[in-house]
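Secondary and tertiary structure notes
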4 protein chains.
Amino acid sequence: MKKIAIMTSGGDSPGMNGAVRAAVRTAFYYNMTPYGILSGYKGMIEDNIFELKHSDVSNIIGRGGTILQTARSQEFRTEEGQKKAVENLKKRGIEALVVIGGDGSLSGAKVLYDKYDIKSIGIPGSIDNDIYGTDVSLGVDTALTVIMDSVDMINNTASSHGRTFIIEVMGRHCGYLAVMAGIATGADAVIIPEVKPDLDGIISKFKKRAEDGKTRNILIVAEGAGSAYEFGKILQEAGTFDARITVLGHIQRGGFPSYFDRVLGSRMGAAAIEGLINGRNGVMTGLQGNKIEYVPYEDVFSRKHEMNQNVVKLLDILT
Amino acid sequence: MKKIAIMTSGGDSPGMNGAVRAAVRTAFYYNMTPYGILSGYKGMIEDNIFELKHSDVSNIIGRGGTILQTARSQEFRTEEGQKKAVENLKKRGIEALVVIGGDGSLSGAKVLYDKYDIKSIGIPGSIDNDIYGTDVSLGVDTALTVIMDSVDMINNTASSHGRTFIIEVMGRHCGYLAVMAGIATGADAVIIPEVKPDLDGIISKFKKRAEDGKTRNILIVAEGAGSAYEFGKILQEAGTFDARITVLGHIQRGGFPSYFDRVLGSRMGAAAIEGLINGRNGVMTGLQGNKIEYVPYEDVFSRKHEMNQNVVKLLDILT
Amino acid sequence: MKKIAIMTSGGDSPGMNGAVRAAVRTAFYYNMTPYGILSGYKGMIEDNIFELKHSDVSNIIGRGGTILQTARSQEFRTEEGQKKAVENLKKRGIEALVVIGGDGSLSGAKVLYDKYDIKSIGIPGSIDNDIYGTDVSLGVDTALTVIMDSVDMINNTASSHGRTFIIEVMGRHCGYLAVMAGIATGADAVIIPEVKPDLDGIISKFKKRAEDGKTRNILIVAEGAGSAYEFGKILQEAGTFDARITVLGHIQRGGFPSYFDRVLGSRMGAAAIEGLINGRNGVMTGLQGNKIEYVPYEDVFSRKHEMNQNVVKLLDILT
Amino acid sequence: MKKIAIMTSGGDSPGMNGAVRAAVRTAFYYNMTPYGILSGYKGMIEDNIFELKHSDVSNIIGRGGTILQTARSQEFRTEEGQKKAVENLKKRGIEALVVIGGDGSLSGAKVLYDKYDIKSIGIPGSIDNDIYGTDVSLGVDTALTVIMDSVDMINNTASSHGRTFIIEVMGRHCGYLAVMAGIATGADAVIIPEVKPDLDGIISKFKKRAEDGKTRNILIVAEGAGSAYEFGKILQEAGTFDARITVLGHIQRGGFPSYFDRVLGSRMGAAAIEGLINGRNGVMTGLQGNKIEYVPYEDVFSRKHEMNQNVVKLLDILT
């Protein structure tokens, strides 16, 4: 294998640049020629493909977002779009892809192999931590660092005023960010999509806290469980909790990569190239314990990332 | 003067703890006895007043919010409430107050002198920078640091996707935070309450940027100029700008005090005590250039903090 | 088991407060009474032991160092000292200990069981990551975050001047911090105690970089491999590398706990109490993959934490 | 005036990139053509001069160091070198310079006008804050932020162990960084070059603290006042203070620009261009109070930046 291309796709996540850098440097180490594709499948179709030099990835490991950019592509869903994309790879002799992104991005890679024989290895990039096959996806540690710093700041003002705050974090189907942020910040309650919220329990708890002289309450809500504004209304109707709302939004996605994500991206980027060299294809790099394993796309798509129940219980103990 | 009391009141702002610490330490330096009042005028009425020891203010200079807490007090607006409050001061022999807060908090201090002969010096704490008589209020530098860090992060993801972002910052009547954040982050446009927004101009600019291949747009809006969501709708109707909204909210208020605010708080806290010793009363400490001056409450209340027009022009040049 | 005591011992490490908090809260959850011992074995001998309340551990999870403090104790090495210490535990009915610290601290705990029948579970706190039985010790992630931030800053000035910098990091017997920091920051070379340094190779590399127009060089040295100043002299004698030296020192130890260390400390603190309840004794909590396991003290003392060789190779590929 | 060139020279300081960006953007605003000179006077001699485009300065305001780089130049001290440099400016029609740097860099600019009629305006870049004519130089706020964060971290570990720490900060002739860091961090003592150190006083103070049960001591030393290692020996000989030493070194210079330095650089960069347009020459932009003033080079060179004595007294009160 001589020529490979690297792309980022779907929502960006911190650490993608570390993975790009490692894939490029590892390709050079094994005498391969790395290409970059700009803006994911969109760029593949529009022939936005270019050779990457060693210095193109210098000093990018600490930068947020992705230097290869990302975009959605409706056209790639069509056979015509796919054929254009494949044509652009083949005319350069590109034999395989490193695809950094979420489920949807890896599905595209699967199509490219099943229908057009383009090999690929995926790298899970998603701040939600909702991808099966890896303990943690690229970007999760940074997103949680940003959330933690924000909740710490809100705690400062909440403690000064004796106020209730509801903080909405990302996570459409997955409460991972909310639970882990709850543990890391000492939040008073957490609501996640996986579990029906016990609003009466929360209201009782806050009332009991008030009786004990604790007038600060921090409630973290995963967006998939409902709107922070709605929960705010419910609390307000329940008593004297005049809750302030914070919706953290995209600062969760745009953080500067943490130590953990820089290293994870570097390990996965290198493992992707080494996997391709060793004949692997149609697999995603997954952090399992302390090792990077290769997980077949089928497993990634058909199974669900499960929340560690010990951690959910831990939250219950600590709050 | 032997006994003075220190309180924080109104919205909390970063740096208040540095001011409290400096006031306490300076009082000890001049052999005075400092008291703390918990939760502002509310605590004054409820007799939540206690002597402060040297060690009570150790290691607080880096903490956000205010260790003396703050609260609103309807009761203090009544003569009955005021009398209770004054009684609690007088029974301890407290002769003067250091009041850290915004306009409203200083108005309360003025009432206490005009009607009850309790002396005071104010310290301007307000992240909005809307207080006359000081170049910068306590907390502004930290709030801008938090905003800057947040906009940098949003810029990371916006640049990766070629997206338009609208970021709503605090400032009901005053665009200071929005303008200065615009300069510090290289935002593409800023909307403030003081100036009618030129939405057509902004839309033209963003369209021109798109023609030049720049698909990232960062628009900062001060809350007093309108809702970020509304401006988002206008942009969307104007063309293809599918803007994402971020409302930073209370993380702007709860930041960990910056170097600047730690020093400003320390200088103002010491100046307040020294002012009282030197017979000053009914004045607020103001940073004017490199000096701390004493500004009469009347001036603070009757005049308006003006935006430096050079800075507004600078924003225009740089964006 | 009704009464347990918690202590931190040896060098402090970030995350210890999270572990203390979790142990206290978990003890309450299971209706046990938690005690704190101040300054490790020294405090145990001097009877510096006190009951911990729920609120004693509020808002400590984000604080660096350890609220229980730590100190060295020569006296604990004597039988007389040990007997005093045990007496102080027994008179309160304390049946078991949670000991947070390094190898030396756990050895003390082993002595207390072997000779005096005091049970214990250890939690590995060490920024060097030199403790067998856990993938990562408490404090390592934070230490690496501090190192990474520092090297990023040095890189800023090194790149502006085209200079060579040598940065000495902690690690007497173990190059873990140096290697991982090298990966996370894109350093140009790393020297660790485990491997004889190839100084000629480094000099050749730097000379080649200079020929390619890259005049910035970042060399990270683990303290156990030799002094940064000595390596600086060697580089200087070898050619034109006028290296600047930075010895990071204790800022590596004093960082504010990262997200990772807050959660790791919380998990280990809870696991220690649950282990004691389930009859475990003489074991250390270890992070193995995604799980907390219990590792016998004997294994901890007799075996060595091995550097992941994949990571060493990765550094070689990326630099 | 149609063509101007911008350069950074001497030691780099945070905020230089903001000044470069603002000078470039302001030049475009007034329809001038900006050039960049790489590596200061060295690049001027070696003809490393190039036109700057609008996008060359995009997204640099948050980057540390200087994108224009900096270097020392012995050759510029010779008439031959100067003539080469001037020739390279004149052949492009460059009429004036914006020189960002310290005293030495501005001296070079003065020579260029006195002998070769090249106009210039200087911008004070120096983390030491030792330049006359400006309340604060570019980079000081960021350097102090880095120092403050480091001392906070050292305080975490010092408080946990009850240890004495000596932290050496930059400042060869000027104790500004040490004094201000002392205020901002609550240090226990500060030693600066301007004042003969009262070591007996410091030792007595630390002994008294020990008697009061405060075993943590933080001593900040400006490098110009002597070596932290030497002061450490003196403390050790004086009693039981086994002091740990930290030399912060170049992390003080390489920080990511703070909010304050981003804005200060932007204001000064714009003011430099506007000054040139308005016929000013041989002056440095200085922050005086809230305004940017133009200070003649003669004053800058012949006078000394004086420490604000109120601040020195404040330190005395607070420690």
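Values in this document were obtained by computation on a predicted structure and should not be read as measured data. (Residues numbered from 1 in each chain as written. Chains lettered and ligands numbered in written order. Predicted model: local features only at pLDDT ≥ 70, side-chain atom pairs only at ≥ 80, totals over all residues. Heavy atoms only, no water.)

**Some words on the interface of chain A and chain C**
Chain A puts 42 residues into the contact, and the matching count from chain C is 42 residues. Overall, the association of chain A and chain C removes approximately 3400 Å² of surface from exposure, summing both partners, and the carbon and sulfur fraction of that is 56%. By the criterion of area lost to chain C, the three top residues of chain A are Tyr259, Ile317 and Leu318 of chain A, representing 21% of everything that side buries. Across the chain A-chain C interface, the total number found is ten residue pairs in polar contact (both at pLDDT 80 or more). Elements represented by at least two residues in the side of chain A that touches chain C include exactly helix H1 (16-29), helix H5 (140-161), helix H6 (176-185), helix H9 (259-277) and helix H11 (309-318) of chain A. Counting residues per element, the side of chain A that touches chain C draws most heavily on H9 of chain A, which supplies eight residues. For the side of chain A that touches chain C, the per-class residue count stands at 18 nonpolar, twelve polar and twelve charged. (Contact = heavy atoms within 4.5 Å. Buried area = accessible area lost by both parts, 1.4 Å probe. Polar contact = N/O pair within 3.5 Å; in protein donor to acceptor, adjacent residues only side chain to side chain. Helix = DSSP H or I, 4+ residues; strand = E, 2+ residues; numbered from the N terminus. Nonpolar A, V, L, I, M, F, W, Y, C, P; charged D, E, K, R; others polar.)

**Quick look at the sheet that holds strand S5 (residues 119-124) of chain D**
Residues and elements named next belong to chain D. On the basis of which strands lie adjacent, the open sheet formed by seven strands has the order S3-S2-S1-S4-S5-S10-S11 and mixed pairing. Unpaired on one side and paired on the other, strand S3 (49-51) and strand S11 (291-296) mark the two borders of the sheet. Put simply, the sheet's adjacent strands are angled 25° from each other on average, direction ignored. Taken together, the six bridges between strand S10 (residues 283-288) and S11 define a ladder with antiparallel strand orientation. Looking at S11, one finds that glycine 286 is bridged to glutamate 293. Lying on the sheet, helix H1 (residues 16-29) is in contact with strand S1 (3-8), strand S2 (33-37), strand S4 (96-101) and S5; it crosses S1 at an angle near 175°. (Pairing = 2+ DSSP bridges. Axes fitted to C-alpha atoms, helices over the stretch in contact; angles between N-to-C directions.)

**Overview of the relation of the copies chain A and chain B**
Structural alignment of chain A on chain B gives an RMSD of 0.0 Å, achieved by rotating through 180° and translating 0.0 Å along the axis. The two molecules are tied by a two-fold rotation axis, judged by turn and shift. A symmetric contact is evident, with 100% of the interface residues of chain A recurring at the interface of chain B. (Least-squares fit on C-alpha atoms with pLDDT ≥ 70 in both.)

**Concerning the relation of the copies chain A and chain C**
Between chain A and chain C, the superposition needs a rotation of 180° and an axial shift of 0.0 Å, giving an RMSD of 0.0 Å. Comparing interface residues between copies, 100% of those in chain A also sit at the interface in chain C, which points to an isologous, same-surface contact.

**As for the interface of chain A and chain B**
On the chain B side, the residues contacting the 31 residues of chain A number 31 residues. A buried area of about 2400 Å², summed over both sides, lies between chain A and chain B, and 54% of it is on carbon and sulfur atoms. Seen at the junction of chain A and chain B, the total is zero salt bridges. At the level of elements, H5 and strand S9 (244-247) of chain A are the ones that each hand at least two residues to the side of chain A that touches chain B. No other element matches H5 of chain A, which puts ten residues into the side of chain A that touches chain B. (Salt bridge = Lys/Arg side-chain N within 4 Å of Asp/Glu carboxyl O.)

**What to know about the nonpolar core**
If you look at the biggest cluster of nonpolar residues, it comprises 287 residues, and the most contacted ones within it are Ile6 of chain A, Ile6 of chain B, Ile6 of chain C together with Ile6 of chain D. Filtering out sequence-adjacent residues up to four positions away, isoleucine 6 of chain B remains in contact with Val20, Ala23, Val24, Pro34, Tyr35, Gly36, Ile37, Leu52, Leu68, Val98 and Ile100 of chain B. Core analysis: the next-biggest nonpolar cluster, separate from the first, contains 26 residues, Met7, Ala85, Tyr132 and Val300 of chain B among them. (Core = buried A, V, L, I, M, F, W, Y, C linked by side-chain atoms within 4.5 Å. Buried < 20%, exposed > 50% of the residue type's maximum accessible area, 1.4 Å probe, protein only.)

**Quick word on the environment of leucine 248 of chain A**
Looking at where leucine 248 of chain A falls in the secondary structure, it is placed in the loop between S9 and H9. Residues leucine 248 of chain A and serine 150 of chain A lie 98 residues apart in sequence; the distance between their C-alpha atoms is 8.1 Å. Contact partners of leucine 248 of chain A, with chain neighbours within four places excluded, come to Ile147, Ser150, Ile167, Glu168 and Val169 of chain A together with Thr246 of chain B.

**Quick word on the environment of glycine 213 of chain A**
Residues and elements named next belong to chain A. Note on placement: glycine 213 falls in the loop between helix H7 (199-211) and strand S8 (217-222). Among the residues examined, glycine 213 registers a relative accessible area of 55% and is labelled exposed. Separated by 116 residues in sequence, glycine 213 and leucine 97 have C-alpha atoms that sit 59 Å apart.

**Focus: the pattern of salt bridges**
Any two side chains of opposite charge can pair, given that their charged atoms come close. Counted according to the given criterion, the structure contains 60 salt bridges over all chains. Here glutamate 46 of chain B and lysine 42 of chain B are joined by a salt bridge, their closest N and O atoms 3.8 Å apart. We classify lysine 42 of chain B as partly exposed; its relative accessible area is 32%. When the shortest N-O distance is used, the salt bridge between glutamate 79 of chain C and lysine 83 of chain C registers 3.5 Å. With a gap of four residues between them, glutamate 79 of chain C and lysine 83 of chain C both fall in helix H3 (residues 79-90), about one helical turn apart. Its relative accessible area of 43% is what places glutamate 79 of chain C among the partly exposed residues. Taking relative accessible area as the criterion, lysine 83 of chain C reaches 47% and is therefore assigned partly exposed. Bridged by salt links that share partners, the residues Asp47, Lys91 and Arg92 of chain A form one connected network.

**Examining the arrangement of the chains**
The least C-alpha distance between chain B and chain C, which are not in contact, is 11 Å. As for chain D relative to chain A, no contact occurs, and the smallest C-alpha gap between them is 11 Å.

**As for the sheet that holds strand S2 (residues 33-37) of chain A**
All names here are of chain A. Taking strand neighbours across the sheet as the criterion, the seven strands line up as S3-S2-S1-S4-S5-S10-S11 in an open arrangement whose pairing is mixed. Looking at strand neighbours, the two that pair on one side only are strand S3 (49-51) and strand S11 (291-296), the edges of this open sheet. Taken pair by pair, the neighbouring strands of this sheet meet at an average axis angle of 25°, ignoring direction. Seen against the sheet, helix H4 (residues 103-116) touches strand S4 (96-101), strand S5 (119-124) and strand S10 (283-288) and runs at an angle of roughly 160° to S4.

**Regarding the pairing of strand S10 (residues 283-288) of chain C**
Residues and elements named next belong to chain C. Among the six residues that make up S10, five are buried, leaving the element largely enclosed by the rest of the structure. The pairing of strand S5 (residues 119-124) with S10 spans two bridges and is classified as parallel. The partner of glycine 122 across the bridge, within S10, is methionine 284. In textbook terms, the turn of a hairpin is the stretch between consecutive antiparallel strands, and for S10 and strand S11 (residues 291-296) this stretch comprises two residues, one of which, glycine 289, has a positive phi near 65°.

**Points about the packing of helix H7 (residues 199-211) of chain D against helix H8 (residues 228-238) of chain D**
When two helices pack together, their arrangement is given by the angle between the helix axes and by the axis-to-axis distance. All names here are of chain D. Running from amino to carboxyl end, H7 crosses H8 at an angle of 55°, the nearest separation of the two axes being 11 Å. Here H8 runs oblique to H7, going by the angle between their axes. Classified by chirality, the crossing of H8 by H7 is right-handed. The residues of H8 that touch H7, namely those facing Leu199, Ile203, Phe206 and Lys207, are Phe231, Ile234, Leu235 and Ala238. Residues of the contact of H7 with H8, tallied by class, amount to seven nonpolar, no polar and one charged. (Parallel < 35°, antiparallel > 145°, perpendicular 65-115°, else oblique. Left-handed = near helix turned anticlockwise from the far one by under 90°.)

**Some words on the packing of H9 of chain A against helix H11 (residues 309-318) of chain C**
At a closest axis distance of 11 Å, the pairing of H9 of chain A and H11 of chain C adopts a crossing angle of 85°. Taken together, the axes of H9 of chain A and H11 of chain C lie roughly perpendicular to each other. Between H9 of chain A and H11 of chain C, the residues in contact are Ser266, Arg267, Ala270 and Glu274 of chain A and Lys313, Leu314, Ile317 and Leu318 of chain C, respectively. Looking at side-chain class alone, the contact of H9 of chain A with H11 of chain C contains four nonpolar, one polar and three charged residues.

**Describing the confidence of the model for chain A**
Residue-level pLDDT values for chain A average 96, and 100% of them are 70 or greater. Interface confidence for the predicted complex, expressed as ipTM, amounts to 0.96; the pTM equals 0.97. (pLDDT = per-residue confidence, 0-100.)

**Section: helix H11 (residues 309-318) of chain B**
Residues and elements named next belong to chain B. Looking only at H11, the buried set comprises Val311, Leu314, Leu315, Ile317 and Leu318. Within H11, the buried residues cover an arc of 160° as seen down the axis, which keeps them to one side. With a side-chain oxygen positioned 2.9 Å from the backbone nitrogen of asparagine 310, the residue opening H11 is asparagine 308. (Arc of directions from axis to C-beta.)

**Some thoughts on unusual backbone geometry**
Residue and element names in this part refer to chain A. Positive phi outside glycine occurs at asparagine 59, with the angle close to 55°. Structurally, the position occupied by asparagine 59 is in the loop between S3 and helix H3 (79-90). Unusually for a residue other than glycine, glutamine 69 sits at a positive phi of about 55°.

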